[in-house]
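Here are the chains, one letter per residue:
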Amino acid sequence: MKSVFAFLLACSPVFCQPTYLTGQAARLVVGQQNFTYQLYQSPPTQNVLGAPGGVAFGANTLWVADGNVMFAALDNNRVLGYTGVSSFPTPTNIPAQYASLYGTCPVCVGSPSILLGQTDYVYANVGTTQNTFYSPSAVATDGTMLAVADTNNNRVLIWKTLPTGVNQPADIVVGQPDFTHYIAVEPPTAASLSGPQGVWIYNGALYVADTFNNRVLIYNTVPTSNGASANTVLGQASMTVNPPPPVTEDVPLPTQSSLASPTSVTTDGTNLYVADLGHNRVLIWNGIPTANNAPANVVLGQPDFVSDTDDNSTVLCASNGTDSNNNPTYPPLCAVTYSFPRFALSDGTRLYVADSGNDRILVYNTIPTAPPTVTTGNPDAILGEPDGLTDSPSANTDSVQSPGALAWDGTNLWVADTYNLRVVAYTPTDFSVNGQLPETAVRNAASLQIYGSGSLTLGGTPAKGDTVTLTVDSVNYVYTVTSSDTLSTIATGIANLVDGLVSGTAQDPNIIALADTSNSTSPVVIFTARVAGTPGTATTYSAAVSSSSAITVATPEPNIYINLADATQVAPGSLITIFGTGLSTGTAAGALVANPDGTNFSYPLLVAGTMVYIDGIAAHLLFVSPTQINAQMPFDFTDRSSVSVEVVRQNADGSLSPTNTIGTVIVAGNPGIFAEPGPEPRTGLVYHYSTYATGLVDVDGTIHAGDVGTITINGTAYNYTVQAADTLATVETAFINEINASDPNVTASAANEYTRIFLTAKQPGATGAAITYSATVTGSSATLTLTAFYTSLCCGNAATGLVTPSNPALPGEAVVVYVTGLGITTPATDSITGQLVVPPLNPLLTPVDSIIDGSDSGNIVSSYLVPGAVGLYEVIFQV
């Protein structure tokens, strides 16, 4: 006993029980084919939800009220029962074969076997009978009985035993004298209801949030006959009172005992919780009230019982600065403010609040006993948002939109994610034994961070005494030209000023500068943000020269810019790196294994006892360690914009330890270029393409019969007359065939991106670089265009050699970079996840472009998945 007691003393609640992390992702989804699909299905189907507003759990069944009192989408006027919840995937029971058994989202679960309110899953009829609904908004069960708030019929229906089939009629109606009336009695009585949106059964009692009557009714025992009267009323002085709001108010004034449009009432047997929607608060009663109009003991979302401001940030939030008059300013919301909360639920230890207007769920690890203040009362975790200051609703795995109800099954928190047309489950994790993933754990493996950049291009003629002033935010960097300066040395001098390499100067806190002097007539100073992602793009800059100077300065962008500002945005097929703690008990590389049919090799799904699940699909692993995993994002995820990611570690004793689940944004393409290790800006792994000089001709425009195209190579003209049946591709092919048939100097081939003809010298080095080429089109109204990007082939550098300052890439030269994150190919025959790529080398579905020194100056030749590799693309482009 002493050792047990010592353990209990040493073990804090945070580390002795599963906990939630702010921003964590949902682990399961019900009612959609993936987390982000949001399918509107009319007429309804069995497996697609409309706008679920209510959710409950009992007897291993998830109950969903598929109504629509929040006007989100479709009102299916039904309640669905999903049996066998214990057989849904848990954090540790998603074996690799789930990928083939359940399609591309094994954690998208549940097909209902119980249907109430309709005779078939394809109907959404409205009715006022013993087995029909009109916008059911809430459902409750104690594991034996079921109750449904049939909102627009002004009643609650009760099944004395849990329904098991289709269209089973209710046994009892509350709020109406029988099953065929739906009147709203004015003034109310102990037996009437008006628009109830909350219902709860606990310990033999029934609780109803009588929303439009601004009250909560308590029935000491679940009624056994129609039209039963309640025993206790909260929010009103008596059963027959519902005073109209004051003329100047939209809702009744808030007091310690008043309610305005309450939408849920729940109890854990110790406390009573009411979501007081119209007063933007949650009220807690210590114990179950037995007297009418009993005052609440605790208020959340407001500083006191007489306030009801939507997101009362000026009182409850810390100031975030001052305005032009030096008055304090405040954020629009913070972690303790509420906006139209719709549900409050206790699992016996924690309290959950569906803060619907702020699109989030607030988690309190212990039941609050006092109202919040600026410095106290923060929830312990926030689900659906990355922090307490953000309201950015979406259909991602880590977001919700207007959550309407909550349910706890002992392991998972189920959320009716109404505006996302789905129900999702969040699962807490015991981090004392399990690994942990930060919210931004998953990254493009080639570009773990993406840094914003900018540029300054110099031109003209320098003269002694000229000045060039670069202003970065409010800091001026002034370079004074000397008699020996060139444009290149001026560019280097400006970069040195920014980087603090000049005596007496300090480095800029926001950007790093690097001089690119490979073109002496227009050298460029390249700026790179010191902070990764979007925060690094806040820096502005400009440049000016002295009044009499003949130097020119150009800044294409007025600020540090970025294309895709987050390396955590991942394209299907990308190589990814996952960072975290406790991810594996060992370190190992994934060894290629032969496919069962013997036709190819794939990377394994299990390495060193570790697996990664992405939307429930086991990922192919290249490397695992306790803090880092390298894997491939499946190519299958072209139908979603976010996925869930989880790591499961096998321990020495055979037990399994799952991490928390995080969300990762999926985009069509977000390339990362492989680069040398080291601090930013890193040196890219850019290679000279060929020892043989190359050139590029673009075939564009539209087909017009009779146009005559001419490509001239070293004085020899190759002509083609366009036919009416031609396409740009057939024109390209015709020129390639003609050149290859007779030209002594070059060979021609088709670029696999755009319609372009790639010319390659037959002789290496300088001989090939002397070959000239051009392209023209003639015709009275020619619409075909042929563009030769340069006038001669270039450049014959040693193939496969790195581009370096001492061996730079020259204008017109073809270079190669290796990239991940370019997305799927078309056709997708070579886009097979985890498997070595084999020819043919198909082009990408989304064409690639290249940006050099801040301008769209790279001409793409080809881009494709590299044969014999996984998730690696080779991109060839002309500088």
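None of the values given here were measured: they were computed from a predicted structure.

Rules and cut-offs
Every residue gets a number counted from 1 within its own chain, in the order that chain's sequence is written. Per-residue local features of the predicted model are confined to residues with pLDDT of at least 70, and side-chain atom pairs are confined, for both listing and counting, to 80 or more; whole-chain, interface and lining totals are unaffected and use all residues. Water and hydrogen atoms play no part in the side-chain values, which are based on all heavy atoms of the structure. By the criteria applied, helices consist of DSSP H or I runs no shorter than four residues and strands consist of E runs no shorter than two, each listed in order from the N terminus. Helix span, expected: 1.5 Å multiplied by one less than the number of residues in the helix. Exposure categories follow from relative accessible area, calculated using a 1.4 Å probe and restricted to protein chains: below 20% of the type maximum is buried, above 50% is exposed, and the middle band is partly exposed. Should any heavy atoms of two residues lie within 4.5 Å, those residues are considered in contact. Here a cavity denotes grid points, spaced 1 Å and computed from the protein atoms alone, that fit a 1.4 Å probe unable to get out, and a pocket denotes an open set having protein on both sides within 12 Å along at least 5 of 7 lines; residues with an atom within 4 Å of a point are the lining. Grid points are joined across faces, edges and corners, and a volume is the space filled by probe spheres set on the points. A pair of sulfur atoms, both from cysteines and within 2.5 Å, is called a disulfide here. The pairing criterion for strands is at least two bridges between them, as found by DSSP. In this analysis, axes come from line fits to C-alpha atoms, helices being fitted only over the stretch in contact, and the angle between any two N-to-C directions falls in the range 0 to 180 degrees. A pair of Phe, Tyr and Trp rings is counted when the ring centres sit within 6.5 Å of each other, with Trp represented by its six-membered ring. The angle between the planes then sorts it: under 30 degrees is stacked, over 60 is edge-to-face, the rest tilted. The term salt bridge refers to a pairing of a side-chain nitrogen on Lys or Arg with a carboxyl oxygen on Asp or Glu at a separation within 4 Å.

(A) Structural view of helix α5 (residues 487–498). Across its 12 residues, α5 extends 17 Å between first and last C-alpha, which sits within 8% of the 16 Å expected from 1.5 Å per residue. Where burial is concerned, most of α5 is hidden: 9 out of the 12 residues are buried. Within the span of α5, buried status applies to Leu-487, Ser-488, Ile-490, Ala-491, Gly-493, Ile-494, Ala-495, Leu-497 and Val-498. In this structure, the buried residues of α5 make contact with β28 (451–461), β29 (467–472), β30 (475–480), β31 (511–516), β32 (524–532) and β34 (550–554).

(B) Here's a closer look at empty space enclosed by the protein. Evaluated as defined, the whole model comprises 3 cavities of 30 Å³ or more. Considering only enclosed or pocket space, the largest cavity measures out at about 140 Å³ in volume. What lines the largest cavity is a set of 17 residues, among which Gly-53, Ser-137, Ala-138, Gln-197 and Gly-404 lie closest to the centre. Residue assignment for the lining of the largest cavity shows that the elements contributing at least two residues are β2 (54–58), β6 (136–141), β10 (198–202), β14 (262–267) and β24 (403–408).

(C) Structural context of the side chain of Asn-365. Along the chain, Asn-365 turns up in the loop between β22 (360–364) and β23 (381–383). In contact with Asn-365, not counting residues within four places along its chain, are Thr-349, Arg-350 and Asp-380.

(D) Representation of the state of the cysteines in the model. Following the criterion strictly, the structure yields 3 disulfides and no others. Here Cys-105 pairs with Cys-108 through a disulfide, and the sulfurs are 1.9 Å apart. Every disulfide takes its handedness from the sign of the S-S torsion; for Cys-105 and Cys-108 that torsion is 65°, giving right-handed. Note on accessibility: Cys-105 and Cys-108 belong to one class, buried. With a sulfur-sulfur separation of 2.1 Å, Cys-317 is cross-linked through a disulfide to Cys-334. In this structure the cystine formed by Cys-317 and Cys-334 twists about its S-S bond by roughly -90°; its chirality is therefore left-handed. Taken as a pair, Cys-317 in the loop between α4 (313–316) and β18 (321–322) and Cys-334 in the loop between β19 (328–329) and β20 (343–346) lie far apart in primary sequence, 17 residues in all. Looking at Cys-334, the relative accessible area reads 9%, which means it is buried.

(E) Summary view of the sheet that holds β23. Ordered by their spatial adjacency, 4 strands build an open sheet running β20-β21-β22-β23, and the pairing between neighbours is antiparallel. If you trace the sheet from one side to the other, it starts and ends with β20 and β23, each paired once. Recorded for the sheet is a direction-independent mean angle of 20° between the axes of neighbouring strands. In terms of strand pairing, strand β21 (residues 351–355) meets β22 through 5 bridges, oriented antiparallel. The residue bridging Asp-355 from the neighbouring strand is Arg-360, located in β22.

(F) Examining the packing of aromatic side chains more closely. Following the criterion strictly, the structure yields 8 aromatic pairs and no others. Joined through ring pairs, the aromatic side chains of Tyr-20, Tyr-352 and Trp-408 make up one cluster.

(G) Seen up close, the pattern of salt bridges. For the coordinates displayed, the defined rule picks out 10 salt bridges. Its salt-bridge partner being Asp-210, residue Arg-215 comes within 2.7 Å of it at the nearest N-O pair. In this structure Arg-215 comes out as buried when scored by relative accessible area, which is 0%. Note on Asp-210: relative accessible area 0%, which makes it buried. Here Arg-350 and Asp-347 are joined by a salt bridge, their closest N and O atoms 2.9 Å apart. No difference in accessibility class separates Arg-350 from Asp-347, as the two residues are buried. Here the salt bridges share partners, and the residues they tie into one network are Asp-615, Asp-639 and Arg-640.

(H) Geometry of the environment of Asn-396. Following the sequence through the fold, Asn-396 ends up in the loop between β23 and β24. Asn-396 gets classed as buried once you look at its relative accessible area, which sits at 16%. Linking Asn-396 and Pro-163, residues 233 residues apart in sequence, is a C-alpha distance of 33 Å. Those residues within four positions of Asn-396 in sequence are excluded, and the remaining contacts are Thr-36, Arg-422, Ser-641, Ser-642 and Val-665.

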